[in-house]
Each structure stands twice: as structure tokens, then as C-alpha cells.
Amino acid sequence: MVPQTMSEIDRNLPLVDVVTMEEQIAKGLQREHMFAILCNGFGILALVLSVVGLFGVIAYGTSRRRGEIGVRLAVGATPGNVFCMVLREGLGLTALGMLMGIPVVWLGGKYVERELSRMKMLEPLSVGLTLGILLTAAFVAVGIPALRAASLQPEETLRQE
């Protein structure tokens, strides 16, 4: 469109690399867009690693306590009690990690706000959404070993010990 219009005005005018405003803006923001994708990728990787780590710790702990859990079930504990016990332990670790991490996030957000004066880093919606995603991931990571522990058969568990 632009080359046609310019050639109608003056045929001798050379046109090289005609770029629209949208293309210029997109080209200018390409680096920032790549940086945002990279940060999102590292955030997702951190979430996956924390979920795998929490799952591993709780699964290992419950496998080491099979005998204790079998005795609890044999004495009269319900599977729901065992499920809640394991869930409480795992979510306690999660709460401890969040209590340690929230001040670090707050200080980092304040630093970024100070360095980039127009940016507001600690939006309540984004902080709440992030905490919700972390709690959901932790619940899934702890819930699987808790379900396994609650489904143990006391007779089989005590025979293996």
C-alpha cells in the first residue's frame, strides 16, 4: 500500500524496507517479550522442581513410616485420619516455605518498584493468584502420598515389618 502510494507521487523515489508502525513497535518490544517468556519458563521450572521435591520428601517419609501407619490403622485410626495426618505434615512444610519466601518476594518487589518507578510489582491479585497456584500444587504433591498412606492395609503392612 505504501510503496504504491509513494510510486504514484514520485516514481524516482527509492523505497527500502517499508515498515508499518505496528511492525516497528513489535520489533522494539521483541527483547522484552523474550525476557518475559524466559522469566515465565524459569518460574514454571521452579514450581515443577518444588512440587517434585515436596512430593519426594513426603512420599519417602510416609514409606519409612509404613509400620507406624499400619499400627495406627490396626489400633483404630481411620484412613481419613491418616490422610489428614500426612496432609497436615506436608502442608505445614509448605506453609513454612511460604512464610520464609513471602518477605523475600516483598523485598524484591519493593526493589523493582524503586528501580522501575512506573512499575507496580506487588499487585494483590497477582500475589493472591500466585499463592493459590502454589497451594494447589502443594496440595496435589502432598495429596498423592497421603492417599497412598490412607489406603494401606494394616495386615499386610504389619506382616512386612
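Structure shown above.
Description of the structure in this document.

Calculation rules
Here, residues in each chain are numbered from 1, in the same order as that chain's written sequence. Per-residue local features of the predicted model are confined to residues with pLDDT of at least 70, and side-chain atom pairs are confined, for both listing and counting, to 80 or more; whole-chain, interface and lining totals are unaffected and use all residues. Hydrogens and water are ignored here; the side-chain numbers use all heavy atoms of the structure. Strands are runs of DSSP state E lasting at least 2 residues, helices are runs of H or I lasting at least 4, and numbering of each runs from the N terminus. Only C-alpha atoms enter the radius of gyration, while the globule expectation follows 2.2 Å times N to the 0.38, with N the number of residues. A simple rule labels every residue: compare its accessible area, found with a 1.4 Å probe on the protein chains alone, to the largest value its type can have, and call it buried under 20%, exposed over 50%, or partly exposed in between. It only takes one pair of heavy atoms within 4.5 Å for two residues to be counted as in contact. In this description, a nonpolar core means a group of buried Ala, Val, Leu, Ile, Met, Phe, Trp, Tyr and Cys residues linked to one another through side-chain atoms lying within 4.5 Å. Under this scheme, a helix contributes an axis fitted over its contacting stretch, all axes are lines through C-alpha atoms, and angles between N-to-C directions fall in the 0 to 180 degree range. If an angle is under 35 degrees, it is roughly parallel; if it is over 145, roughly antiparallel; if it lies from 65 to 115, roughly perpendicular; otherwise it is oblique. Rotating anticlockwise by less than a right angle from the far helix to the near helix defines a left-handed crossing, while the corresponding clockwise rotation defines a right-handed one. Classification convention: Asp, Glu, Lys, Arg as charged; Ala, Val, Leu, Ile, Met, Phe, Trp, Tyr, Cys, Pro as nonpolar; all other residues, Gly among them, as polar. Exposure above 30% relative accessible area and the absence of a salt bridge qualify a residue for a patch, where like charges join within 9 Å and nonpolar side chains (Val, Leu, Ile, Met, Phe, Trp, Tyr) within 5 Å. Where accessible areas are quoted, they stem from the Shrake-Rupley method and a 1.4 Å probe; at the residue level, only the protein chains shown are allowed to cover. A pair is scored as a salt bridge if a Lys or Arg side-chain nitrogen falls within 4 Å of a carboxyl oxygen belonging to Asp or Glu. Each helix should span, by expectation, one fewer than its residue count multiplied by 1.5 Å. Bend is the name given here to the angle between axes fitted to two runs of seven residues, the run ending at a residue and the run starting at it.

### Remarks on the overall build of the protein
Logical step 1: Of the regular secondary structure elements, the protein holds seven helices and zero strands.
Logical step 2: Listing each helix as α and each strand as β along the protein from the N terminus yields α-α-α-α-α-α-α.
Logical step 3: The C-alpha atoms of the protein give 28 Å as radius of gyration, which overshoots the globular expectation for 161 residues (15 Å, by more than 25%).
Logical step 4: Expressed as a percentage of the 161 residues in the protein, the buried residues total 19%.
Logical step 5: Here the analysis covers contacts within the protein between residues at least 6 apart in sequence; of these, 76% occur between residues at least 24 apart.

### Examining the environment of R66
Logical step 1: By the element assignment, R66 lies in helix 4 (residues 66-75).
Logical step 2: For R66, the contacting residues outside a window of four places in its chain are L152, T157 and Q160.

### Section: the nonpolar core
Logical step 1: By size, the foremost hydrophobic cluster in this structure holds 14 residues, and its most contacted members are L54, I69 and V86.
Logical step 2: The leading source of residues in this core is helix 6 (residues 124-150), at five residues.
Logical step 3: Sequence-distant contacts of L54, defined by excluding residues within four places in its chain, comprise G90, L93, T94, A138, A141 and V142.

### Topic: the packing of helix 5 (residues 79-115) against helix 6
Logical step 1: Orientation of helix 5 relative to helix 6, taken along the N-to-C sense of each, is 150 degrees, at an axis distance of 8 Å. Of the possible angle classes, the one that applies to helix 5 and helix 6 is roughly antiparallel. Every pair of crossing elements has a handedness; the one defined by helix 5 and helix 6 is right-handed. Residues P79, V82, F83, V86, L87, G90, L91, T94, M98 and I102 of helix 5 form the contact with helix 6, whose participating residues are L131, L134, L135, A138, F139, V142, G143, P145, A146, L147, A149 and A150.
Logical step 2: Residue classes in the contact of helix 5 with helix 6 are distributed as 19 nonpolar, three polar and no charged.

### With respect to a nonpolar patch on the surface
Logical step 1: Nonpolar side chains collect at one region of the surface, where L38, F42, L45 and L49 lie side by side and expose about 420 Å² of accessible area between them.
Logical step 2: Here F42 lies in helix 3 (residues 30-64).

### Some points on the packing of helix 3 against helix 6
Logical step 1: The geometry of helix 3 relative to helix 6 is characterised by a closest axis approach of 9 Å and an angle of 25 degrees between their N-to-C directions. With respect to helix 6, the element helix 3 is oriented roughly parallel. Where helix 3 crosses over helix 6, the two elements pack in a sense that is right-handed. Contacts from L47, V51, L54, F55, I58, A59 and T62 of helix 3 reach helix 6 at I133, L134, A137, A138, A141, V142, I144, P145, R148 and A149.
Logical step 2: Broken down by class, the residue content of the contact of helix 3 with helix 6 amounts to 15 nonpolar, one polar and one charged.

### Brief notes about the pattern of salt bridges
Logical step 1: Under the criterion given, the structure shown has four salt bridges.
Logical step 2: Between E68 and R65 there is a salt bridge, and its shortest N-O distance comes to 2.9 Å.
Logical step 3: Across the pair K110 and E113 runs a salt bridge whose closest N-O atoms are separated by 3.6 Å. With K110 and E113 both in helix 5 and three residues apart, the pair spans about one turn of that helix.
Logical step 4: A single salt-bridge network, built from bridges that share partners, covers R65, E68, R72 and E89.

### Thoughts on helix 5
Logical step 1: Between its first and last C-alpha atoms helix 5 spans 53 Å; for 37 residues at 1.5 Å apiece the expected length is 54 Å, and the two agree.
Logical step 2: At G101, helix 5 shows its maximal kink, close to 25 degrees; a proline, P103, follows between one and four residues later.
Logical step 3: Among the residues of helix 5, V82, M85, V86, L87, G90, T94, M98, G109 and E113 are the ones counted as buried.
Logical step 4: In the core, the buried residues of helix 5 are packed alongside helix 3, helix 4 and helix 6.

Keep in mind these values describe shape, not function.
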